[in-house]
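A structural walkthrough
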Amino acid sequence: MIVVLAGGVGAARFLEGLVQVAPPEEIVAIINTGDDMVFHGLHVSPDIDIVTYTLAGIVDESQGWGVRDDTTHALSMLAQLGAETWFKLGDRDLAVHIRRTELLRAGWTLSEVTDAFRRALKVGVRLLPMSDDQVATEICTPVGWLHFQRYLVQRRARDEVLGVRFIGIDRACPAPGVIEALQQADAVIIAPSNPVVSVGTILAVPGVRDAVTSTPAPVVAVSPIVAGAPIKGPAAPLMRAVGLDVSARGVAVCYRGVIDTLIIDQADAGLADEIRAFGMEVAVTDTIMHGRAAKRRLAETALSAARTATRRRP
Ligand code: FO1
């Protein structure tokens with residue numbers, strides 16, 4: 001079993017490669033839910049949906065989120081009725097949120113809903129929310145604490161980042177299957193997702209960091225930072241805010257003691273020795289996932305790094 005710690009778009013693309021080289025039913029993705037938010041009274045789980053739609057082959061690839069060729073009639077009507085519509089929810093996407101909210105209100109857990117939806121959309125990979133309990137990632141800015149989606153989408157990441165917190169994390173339990181998957185894994189791969197918010201949130205769920213550090217499986221991470229910049233998203237100000245360098249070196253510092261091997265891009269090959277000195281192995285490859293073949297190659301590299309890894313965690 002291969003267990004992947006997953007945020008949104010980067011993780012979804014990595015998983016698209018992984019399903020080309022490993023049977024989907026042998027892959028489990030543990031997905032960040034700190035980005036979840038209620039819009040129009042509906043529970044939206046962006047990272048779960050991004051991964052589900054991508055693996056179902058229905059994602060809007062140009063955005064990385066939402067459903068391909070979706071329409072926005074409901075959103076136009078909502079705007080006319082005075083609702084806030086900065087978060088662009090397409091009509092098909094809305095159907096998912098309506099059904100999710102309906103099932104949650106009927107007493108289903110987020111894990112149960114996520115599993116039902118991935119089966120309905122014929123996704124073979126098992127998808128586990130990091131927790132069934134509510135956790136909200138908030139960003140401290142000069143205008144106050146903002147929910148991650150308000151910071152990223154509504155205000156377009158324009159505010160200075162002064163800090164990050166995960167509301168509800170202390171009381172959150174790992175979702176059923178999360179700890180077991182990590183304990184029984186043959187390999188754990190940290191996808192090229194934001195190390196501070198996506199992966200950082202998953203690792204902050206009580207019990208998860210310990211399960212990753214103590215798993216007998218090799219733990220490999222793919223750096224989402226290439227040549228000093230994130231491939232996508234607001235990792236740079238968030239990394240800086242928590243005192244990390246925006247570089248593959250900063251990613252290594254963040255994952256020190258958690259991983260055995262860091263996969264970095266060819267553009268960062270010059271940092272390899274410095275990163276090895278942090279107590280991890282380094283594999284250098286092309287990490288930019290343009291196209292199906294590039295995704296497959298990165299997944300192959302991650303699996304081969306896992307096969308050859310020696311335990312470097314304390
Ligand atoms: N990101 C945006 O930049 N603008 C949007 O309007 C937006 C809508 C949206 C709707 C559903 C969904 O699942 C994701 C959506 N995203 C949007 C992406 C998302 O907010 C972030 O990329 C993730 O939270 C980061 O992982």
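In this report, the structure presented in the accompanying data block is examined. Quantities reported herein were computed from a predicted structural model and do not represent experimental measurements.

Now for the overall build of the chain. A tally of regular secondary structure across the chain gives 13 helices and 14 strands. Considered along the principal axes of its C-alpha atoms, the chain spans approximately 60 × 45 × 40 Å. Expressed as a percentage of its 314 residues, the buried residues of the chain come to 55%. Sequence-distant contacts in the chain: of pairs separated by 6 or more residues, those separated by 24 or more amount to 69%.

This next bit is on empty space enclosed by the protein. Counting across every chain of the model gives one cavity of 30 Å³ or more. Each pocket or cavity is described by its volume, and for the largest cavity that value is around 50 Å³. Residue lining of the largest cavity: Ile-48, Asp-49, Thr-52, Tyr-53, Val-96, Arg-100, Thr-114, Phe-117 and Leu-121, and that is the complete set. Elements with a contribution of two residues or more to the lining of the largest cavity: helix 2 (46-56), helix 4 (91-105) and helix 5 (110-120). Top element by residues in the lining of the largest cavity is helix 2. It accounts for four residues. Among the residues making up the lining of the largest cavity, the classes are represented as five nonpolar, two polar and two charged.

Residues in close proximity to the ligand total 13 residues, the closest being Asp-35, Asp-47, Phe-87, Lys-88 and Gln-149. A distance of 3.0 Å is found between an oxygen atom of the ligand and a side-chain nitrogen or oxygen belonging to Asp-35. Asp-47 has a polar side-chain atom sitting 2.6 Å from an oxygen atom of the ligand. Protein chains bury 86% of the 540 Å² of accessible surface belonging to the ligand in isolation. Assessed atom by atom at 2 Å from the grid points, the ligand resides in the largest pocket. When its residues are assigned to classes, the shell around the ligand shows seven nonpolar, two polar and four charged.

Within the element layout of this structure, Phe-87 appears in the loop between helix 3 (73-80) and helix 4. For Phe-87 and Arg-297, which are 210 residues apart along the polypeptide, the C-alpha to C-alpha distance reads 34 Å. Ignoring any residue separated from it by four or fewer positions in sequence, one finds Phe-87 in contact with Phe-39, Val-44, Pro-46, Leu-75, Gln-149 and Val-153.

With that settled, the discussion passes to the sheet that holds strand 8 (residues 163-167). With antiparallel pairing, three strands are arranged side by side in an open sheet as 7-6-8. On the outer flanks of this sheet lie strand 7 (144-147) and strand 8, each paired with one strand and no other. Here the average twist between neighbouring strands, direction ignored, is 30°. Bridge count for strand 6 (residues 136-141) against strand 7 is four bridges, and the pairing is antiparallel. Bridge assignment links Ile-139 to a residue of strand 7, and that residue is Leu-146.

If you add up the space inside the largest pocket, you get close to 1,100 Å³. Along the walls of the largest pocket sit 44 residues, with Val-9, Ile-50, Trp-65, Leu-152 and Lys-232 positioned nearest its centre. Of all the secondary structure elements, the ones that give two or more residues to the lining of the largest pocket are helix 1 (9-21), helix 2, helix 6 (148-154) and helix 10 (235-241). Per-element tally for the lining of the largest pocket: the top contributor is helix 6, with six residues. Classifying every residue of the lining of the largest pocket by side-chain character gives 24 nonpolar, twelve polar and eight charged. Each pocket or cavity is described by its volume, and for the second largest pocket that value is around 250 Å³. Asp-36, Val-38, His-43, Gln-134 and Val-135 are, among the 14 residues lining the second largest pocket, the residues nearest its centre. Tallied by class, the residues present in the lining of the second largest pocket amount to six nonpolar, five polar and three charged.

Taken N-terminus to C-terminus, the directions of helix 1 and helix 13 (residues 292-308) make an angle of 75°; their axes are 7 Å apart at the nearest point. In terms of their interaxial angle, helix 1 and helix 13 are classed as roughly perpendicular. Where helix 1 abuts helix 13, its residues Arg-13, Phe-14, Glu-16, Gly-17, Leu-18, Gln-20 and Val-21 lie against Arg-292, Lys-295, Arg-296, Leu-298, Ala-299, Glu-300, Ala-302 and Leu-303. Split into classes, the residues belonging to the contact of helix 1 with helix 13 amount to seven nonpolar, two polar and six charged.

Counting residues in each nonpolar core, the largest one holds 54 residues, and the members touching the most others are Leu-5, Ile-30, Leu-182, Ile-259, Leu-262 and Ile-275. When sequence neighbours within four positions are dropped, the list of residues in contact with Ile-275 reads Ala-248, Arg-249, Ala-252, Leu-262, Ile-264, Met-280 and Val-282. The next biggest cluster of nonpolar side chains, apart from the first, holds 35 residues, and it includes Val-51, Val-125, Ala-187 and Ala-191.

Conventions we followed
- Residues numbered from 1 in each chain as written.
- Predicted model: local features only at pLDDT ≥ 70, side-chain atom pairs only at ≥ 80, totals over all residues.
- Heavy atoms only, no water.
- Helix = DSSP H or I, 4+ residues; strand = E, 2+ residues; numbered from the N terminus.
- Buried < 20%, exposed > 50% of the residue type's maximum accessible area, 1.4 Å probe, protein only.
- Contact = heavy atoms within 4.5 Å.
- 1 Å grid on protein atoms, 1.4 Å probe; cavity = no way out; pocket = protein on both sides within 12 Å on 5 of 7 lines; lining within 4 Å.
- Points joined across faces, edges and corners; volume = space filled by probe spheres on them.
- Nonpolar A, V, L, I, M, F, W, Y, C, P; charged D, E, K, R; others polar.
- Near = heavy atom within 4 Å.
- Polar contact = N/O pair within 3.5 Å; in protein donor to acceptor, adjacent residues only side chain to side chain.
- Areas by Shrake-Rupley, 256 points an atom, 1.4 Å probe, with all protein chains shown as cover.
- Sits in = over half its atoms within 2 Å of the grid points.
- Pairing = 2+ DSSP bridges.
- Axes fitted to C-alpha atoms, helices over the stretch in contact; angles between N-to-C directions.
- Parallel < 35°, antiparallel > 145°, perpendicular 65-115°, else oblique.
- Core = buried A, V, L, I, M, F, W, Y, C linked by side-chain atoms within 4.5 Å.

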